[in-house]
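# Examination of the molecular architecture
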Amino acid sequence: MRLLLICAVAILSSCTVADRVLDPDNIIHDYEWFHQAHESIEARQGQIAQHASFLAEETDASEKTRLRIELSGMQQSCRLLVAEYNANANQVTTSIFKGATLPEQINLNVCE
């Protein structure tokens, strides 16, 4: 009898999880989150590239130092965005709503 009760609780719990995961609002939220996160990463990559070109052209030593510090901060924030994207992409309950046009994972090297 106790085993039957445990099995019933497990089945009901899994139904509750499935209901939450497959809720239409959740599906839309997860889909939009992945697309927004991907766009944020691409925008940050553009900022990094532009800042790196400013750094390469700069001749003043103190300005180069300032630009290096800013570039380092941009690269770190990019890595955080990529890590969050990859973490959500690894979760079964969110990755299924990513869509076919986005990458499965993003390499951290895109932030260099």
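Residues numbered from 1 in each chain as written. Predicted model: local features only at pLDDT ≥ 70, side-chain atom pairs only at ≥ 80, totals over all residues. Heavy atoms only, no water.

Time to look at the packing of aromatic side chains. Scanning all chains against the criterion turns up 2 aromatic pairs. Measuring from centroid to centroid gives 5.1 Å for Trp33 and Phe34, while their planes differ by 85 degrees, and the two rings are edge-to-face. Residue Phe34 is classed as buried on the basis of its relative accessible area of 1%. Geometrically, the ring pair formed by Phe34 and Tyr85 is edge-to-face, given 5.5 Å between the ring centres and 90 degrees between the ring planes. Placement of the pair is Phe34 in helix H2 (residues 24-57) and Tyr85 in helix H3 (residues 61-90), with a sequence separation of 51 residues. By way of ring pairs, the aromatic residues Trp33, Phe34 and Tyr85 are connected into one cluster. (Phe/Tyr/Trp six-rings, centres within 6.5 Å; stacked < 30°, edge-to-face > 60°. Buried < 20%, exposed > 50% of the residue type's maximum accessible area, 1.4 Å probe, protein only. Helix = DSSP H or I, 4+ residues; strand = E, 2+ residues; numbered from the N terminus.)

Here the focus is the confidence of the model for the protein chain. Overall, the prediction assigns the protein chain a mean pLDDT of 84, with 79% of residues at 70 or greater. Across the protein chain, the element-wise mean pLDDT spans from 51 in helix H1 (residues 2-21) up to 96 in H3. (pLDDT = per-residue confidence, 0-100.)

Quick look at H3 now. Helix length check: H3 (30 residues) gives 43 Å between terminal C-alpha atoms against 44 Å at 1.5 Å per residue, within 8%. Within the sequence span of H3, burial applies to Leu67, Leu71, Met74, Gln75, Cys78, Val82, Tyr85, Asn86, Asn88 and Ala89. (Expected span 1.5 Å × (residues − 1).)

Attention now goes to the side chain of Asn86. Tracing the backbone shows Asn86 in helix H3. Overall, the relative accessible area of 13% leaves Asn86 in the buried class. Apart from the residues within four sequence positions on either side, Asn86 is in contact with Gln105 and Ile106. (Contact = heavy atoms within 4.5 Å.)

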